[in-house]
Amino acid sequence: MSNVSGYSKTQIGLHWLVVLLLVPQFLLDDAMGHTFHQMARGSAVTPDFLTYLHIGVGVTILVLAAWRLILRATQGAPEPPHDDPELMRFGAKAIHWLLYAILFLLPATGGIAYYFTIRWMAEVHSALTTGLLICAGLHVAAALYHQYYLKDHLLRRMMKPVD
């Protein structure tokens, strides 16, 4: 179902809530990393509030991403502009699905790394964090390109609900 003209109020709210929650995740990364490295060295460690906050926010993002996918499946999502070149349309779909995949894989790899103290999984988690930054950067750049260069008001779809 993708023949809709825009996003619902709930879809828009979830989008921006996930964006807001990602900010503290990046800021809390040092506290989490410190706790993990102590655990990996076999040191006695008592996780602090910031470590638990990182875990809690990560789980929250996972739940919100799942909710977003359910809404996308049930309510649909607008197609990329039809007058965009095919490569841009493909890129838009690819970046969206990569963002969803990374939003699921980050908490999974982080949780596995933390609860089983698996260093290579922590490295995968770190690489996915970089991947998220790259994909989000491309996503933002494309939205700004549409808004300010093409002036097609594409960004409005994520600001003004259709319902």
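Quick note: structure is the one above.
In what follows, the accompanying structure is described. Treat the numbers as computed from the prediction; the structure is a model and nothing was measured.

**Quick word on the overall build of the protein**
The helix and strand inventory of the protein stands at five helices and zero strands. Along the protein, from the amino end to the carboxyl end, the secondary structure elements read α-α-α-α-α. Along the three orthogonal principal directions, the C-alpha set of the protein runs to about 60 × 30 × 25 Å. Of all 163 residues assigned to the protein, the portion counted as buried reaches 36%. Partitioning the intrachain contacts of the protein with sequence separation of at least 6 by distance along the chain shows that 77% fall at a separation of at least 24. Surface summary for the protein: the accessible area is close to 9,900 Å², and the carbon and sulfur share equals 69%. Placing the 11 positive and 10 negative side-chain charges of the protein at their respective mean positions leaves the two points 5 Å apart.

**Topic: the packing of helix 1 (residues 9-27) against helix 3 (residues 49-75)**
One can describe the packing of helix 1 onto helix 3 by two numbers: an axis separation of 10 Å at closest approach and a directional angle of 155 degrees. Here helix 1 lies roughly antiparallel to helix 3, going by the angle between them. For the pair helix 1 and helix 3, the sense of crossing is left-handed. Contacts from T10, Q11, L14, H15, L17, V18, L21, L22 and Q25 of helix 1 reach helix 3 at L53, H54, V57, G58, T60, I61, L64, W67, R68, L71, R72 and Q75. Partitioning the contact of helix 1 with helix 3 into residue classes produces 11 nonpolar, eight polar and two charged.

**With respect to a nonpolar patch on the surface**
Among the surface-exposed residues, W16, V19 and M159 lie close enough to one another that they form a single nonpolar patch of about 270 Å² accessible area. Structurally, M159 is set in the segment after helix 5 (119-150).

**Notes on helix 2 (residues 29-40)**
Between its first and last C-alpha, helix 2 extends 16 Å over 12 residues, near the 16 Å set by a 1.5 Å rise per residue. All of the buried residues along helix 2 are A31, M32, T35, F36, M39 and A40. Down the axis of helix 2, the buried side of the element spans an arc of 165 degrees, and every buried residue falls inside it. Contacts made by the buried residues of helix 2 are with helix 3, helix 4 (86-116) and helix 5.

**With respect to the layout of surface pockets**
In this structure, the largest pocket occupies an estimated 1,200 Å³ of space. In terms of lining, the largest pocket is formed by 45 residues, of which the most central are H15, I95, H96, L99 and H139. For the lining of the largest pocket, the leading source of residues is helix 5, giving 11 residues. Estimated volume of the second largest pocket: approximately 740 Å³. Lining the second largest pocket are 31 residues, with D29, M32, H54, G110 and H125 positioned closest to its centre. Tallying contributions element by element places helix 4 first for the lining of the second largest pocket, with 10 residues.

Thresholds applied
Along every chain, residues carry numbers that run from 1 in the direction the sequence is written. In view of the model being predicted, local features appear only for residues whose pLDDT reaches at least 70, and side-chain atom pairs are presented and counted only at 80 or more, with totals across whole chains, interfaces and linings using the full set of residues. Based on all heavy atoms of the structure, the side-chain values leave hydrogens and waters out of the count. Where helices and strands are cited, they refer to DSSP runs of H or I of at least four residues and of E of at least two residues respectively, numbered from the N terminus. Think of it in three bands: residues with accessible area under 20% of the maximum for their type are buried, residues over 50% are exposed, and the middle band is partly exposed, with areas taken using a 1.4 Å probe on protein chains only. In what follows, residue pairs with any heavy atoms lying within 4.5 Å of each other are defined as contacts. The Shrake-Rupley method, run with a 1.4 Å probe sphere, supplies the accessible areas, and residue values consider only the shown protein chains as cover. When charges are counted, neither His nor the chain ends are considered; positive counts come from Lys and Arg and negative counts from Asp and Glu. A single reference atom marks each charge: NZ on Lys, CZ on Arg, CG on Asp, CD on Glu. Interaxial angle, 0 to 180 degrees, is taken between N-to-C directions of lines fitted to C-alpha atoms, where a helix line uses only the stretch in contact. Any angle between 65 and 115 degrees counts as roughly perpendicular, while under 35 counts as roughly parallel, over 145 as roughly antiparallel, and the rest as oblique. By definition, any crossing whose near helix is turned counterclockwise from its far helix by less than a right angle is left-handed, and any crossing with a clockwise turn is right-handed. Residue polarity is assigned by list, with Asp, Glu, Lys and Arg as charged and Ala, Val, Leu, Ile, Met, Phe, Trp, Tyr, Cys and Pro as nonpolar; anything else, Gly included, falls into the polar class. Any residue with relative accessible area above 30% and no salt bridge may belong to a patch, with like charges joined within 9 Å and the nonpolar Val, Leu, Ile, Met, Phe, Trp and Tyr side chains within 5 Å. The term salt bridge refers to a side-chain nitrogen of Lys or Arg lying within 4 Å of a carboxyl oxygen of Asp or Glu. In this analysis, the expected span of each helix is defined as 1.5 Å times one less than the number of residues it contains. This arc describes the spread of directions from the helix axis toward the C-beta atoms. Two kinds of site are reported from a 1 Å grid over the protein atoms alone, namely cavities, where a 1.4 Å probe fits but cannot get out, and pockets, open sets with protein on both sides within 12 Å along at least five of seven lines, and residues are called lining when an atom falls within 4 Å of a point. Grid points are joined across faces, edges and corners, and a volume is the space filled by probe spheres set on the points.

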